[in-house]
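# Results of the structural survey
So you can see what is in the structure, the chains are spelled out below.
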Amino acid sequence: MTDRRRRRRRRKNGCAFALVAVVILCAGAAAGIPWAMETFGGEVTEAFHENVEKAVHVLETETAAETEAAVPEDEVSGGFYYQQLDEEERLIYREMLCGLREMEETIRLDAGREDRPEEIYEAVLYDRPELFWCLGSCQMTVYRDRTEFSPVYVCSEEERQSRRKEIDASVEACLSAIPADASEYDRIRAVFEYLVNTVDYDEDAPDNQNIYSALVGKRSVCAGYSRAVQYLLERLGIECIYVVGTVQGQEAHAWNIVKCDGEYYHVDATFGDPVFLGAESGEDLPPDIIYYDYLCCTDQEILKDHTPADGFAYPACVLDDLNYYRMNGIYFDAYDPQTILGAMNESIAAGNDTFTCKFASEEIYAQAREGLINDLFPEAARTVAKLYGMNQVRYTYMEDAAHSKMVVFWNYQQ
């Protein structure tokens, strides 16, 4: 960990997804249907920064003060970033965690000038999402073989107790809705959906680097989303790693790797919350739309737009068996118009507001695109008109070439 390059505060630039609004005017099941098209766009931005900012004072003399008590090894041995450290760094980690739990103003560490305690502080924060009272900034006075480490806290001890009660209430609201006998996948999916449905992306949200912003304030950025995923899943007994890296064309980003039934998968609740599907469309889009491409996906899928940071041996995520679209019968290995139309008509008959076509490759998506737009969506619109007795059917579709996917949103209102 000590050979990694230091990272500074960064912000993501926007990435745009094109959406196309289509209006269909239907007269029963008539063959000739006039239509009009207009194009609109949306944008998602991300803010995230590595937490540790420091001021360091180096002294040549030894400090006479004793070093800090340390958290027992068995309490932290399972931490992913803890496991990346050597034996001496692990002691510093445990000393630091002990002081942080007590909200000590100055934590005395067995760390000299070469030990880089600020990077060990990163490891603590990445492993321990429950430390919502730690801002990430710190001051250090470094001696030959000791360091006086002074973290910055976002609240007082009294405020910490009050905030913890609020967090516990939000955690209970989430976890109590999950059946006790739910599979590991269902628990992961439930947490993912809970955060997407209850948290709004907001770069200006207070405390947006910790779980309080997501679980109580309900507004956060990627750090808050990802730490909340980690905290909730660990409460459910599921291994969850806080991953740091970047996203395509942008800057620093955080997401998670989870262990489900013995295998590892990527989860990104921030990107599961499609803030780029905003009101600019002018369409009545379903309020509970979720981007499932980032639920239990593979390295191959996540690396299309995510890059994990160098210097960490993150577990390989190679299995595609928990692909949401495959599990729900809307993943297509070939372009078969009748199969897709049949699935779409079944979805319409069930009253679903949306239908997704996820294709196995970019080539199959390219082959299917025009047929969907020009033939299958209009044909399905006739089904809507017939089943629901409508003279006019309006729908919107979204193209996502990067993920070989197209989504259509039906409006069942006259």
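See the structure above.
Below is a short write-up of the structure.

About the thresholds
- Residues numbered from 1 in each chain as written.
- Predicted model: local features only at pLDDT ≥ 70, side-chain atom pairs only at ≥ 80, totals over all residues.
- Heavy atoms only, no water.
- Helix = DSSP H or I, 4+ residues; strand = E, 2+ residues; numbered from the N terminus.
- Contact = heavy atoms within 4.5 Å.
- Polar contact = N/O pair within 3.5 Å; in protein donor to acceptor, adjacent residues only side chain to side chain.
- Buried < 20%, exposed > 50% of the residue type's maximum accessible area, 1.4 Å probe, protein only.
- Axes fitted to C-alpha atoms, helices over the stretch in contact; angles between N-to-C directions.
- Parallel < 35°, antiparallel > 145°, perpendicular 65-115°, else oblique.
- Nonpolar A, V, L, I, M, F, W, Y, C, P; charged D, E, K, R; others polar.
- Core = buried A, V, L, I, M, F, W, Y, C linked by side-chain atoms within 4.5 Å.
- Left-handed = near helix turned anticlockwise from the far one by under 90°.
- Phe/Tyr/Trp six-rings, centres within 6.5 Å; stacked < 30°, edge-to-face > 60°.
- Lys NZ or Arg CZ within 6 Å of the ring centre and 35° of its normal.

### A word on the environment of arginine 189
- With respect to the helices, strands and loops of the structure, arginine 189 is situated in helix α6 (residues 184–198).
- Taking the C-alpha atoms as reference points, arginine 189 and leucine 295, 106 residues apart in sequence, are found 7.2 Å from one another.
- Apart from residues lying up to four places away in sequence, arginine 189 is in contact with Tyr292, Leu295 and Tyr324.
- In this structure the side chain of arginine 189 is engaged in a polar contact, spanning 2.8 Å, whose partner is the side chain of glutamate 193.

### So, helix α4 (residues 117–127)
- Counting buried positions over the 11 residues of α4 gives 11, a clear majority of the element.
- Every buried residue of α4 is accounted for by Pro117, Glu118, Glu119, Ile120, Tyr121, Glu122, Ala123, Val124, Leu125, Tyr126 and Asp127.

### A look at the environment of valine 154
- Looking at the element boundaries, valine 154 is found in the loop between β8 (147–153) and α5 (157–175).
- Overall, valine 154 belongs to the partly exposed group, its relative accessible area being 25%.
- The sequence separation of valine 154 and leucine 135 amounts to 19 residues, and the corresponding C-alpha distance is 5.6 Å.
- With residues up to four places along the chain from it excluded, the contact list for valine 154 reads Phe132, Trp133, Cys134, Leu135, Arg163 and Asp207.

### Some remarks on the packing of α4 against helix α8 (residues 222–235)
- Running from N to C, α4 and α8 point in directions that differ by 60°, and their axes come no closer than 10 Å. Judged by the inter-axis angle, α4 sits oblique to α8. Contact residues: Leu125, Tyr126 and Asp127 in α4; Arg227, Gln230 and Glu234 in α8.
- Grouping the amino acids of the contact of α4 with α8 by side-chain chemistry returns two nonpolar, one polar and three charged.

### Focus: the nonpolar core
- Of all hydrophobic cores here, the largest spans 127 residues; its most connected members are Ile340, Phe355, Leu372 and Trp410.
- In terms of residues, this core owes the most to one element, helix α13 (residues 362–388), which gives 11 residues.

### Re the packing of helix α12 (residues 337–349) against α13
- Closest axis-to-axis distance for the α12/α13 pair is 10 Å, and the angle between their directions is 35°. For α12 against α13, the interelement crossing comes out right-handed. Residue-level inspection shows Pro337, Ile340, Leu341, Met344, Asn345, Ile348 and Ala349 of α12 in contact with α13, the latter providing Leu372, Leu376, Phe377, Glu379, Ala380, Thr383, Val384, Leu387 and Tyr388.
- Split by residue class, the contact of α12 with α13 holds 13 nonpolar, two polar and one charged.

### Topic: the packing of aromatic side chains
- For the structure shown, the criterion picks out 21 aromatic pairs.
- One aromatic cluster is present, built from ring pairs that chain together Phe80, Tyr81, Tyr126, Tyr242, Phe312 and Tyr314.
- Positioned above the aromatic ring of tyrosine 331 is the side chain of arginine 326, whose terminal nitrogen or guanidinium carbon lies 4.2 Å from the ring centre.

Everything listed here is a matter of geometry and, on its own, says nothing about what the molecule does.
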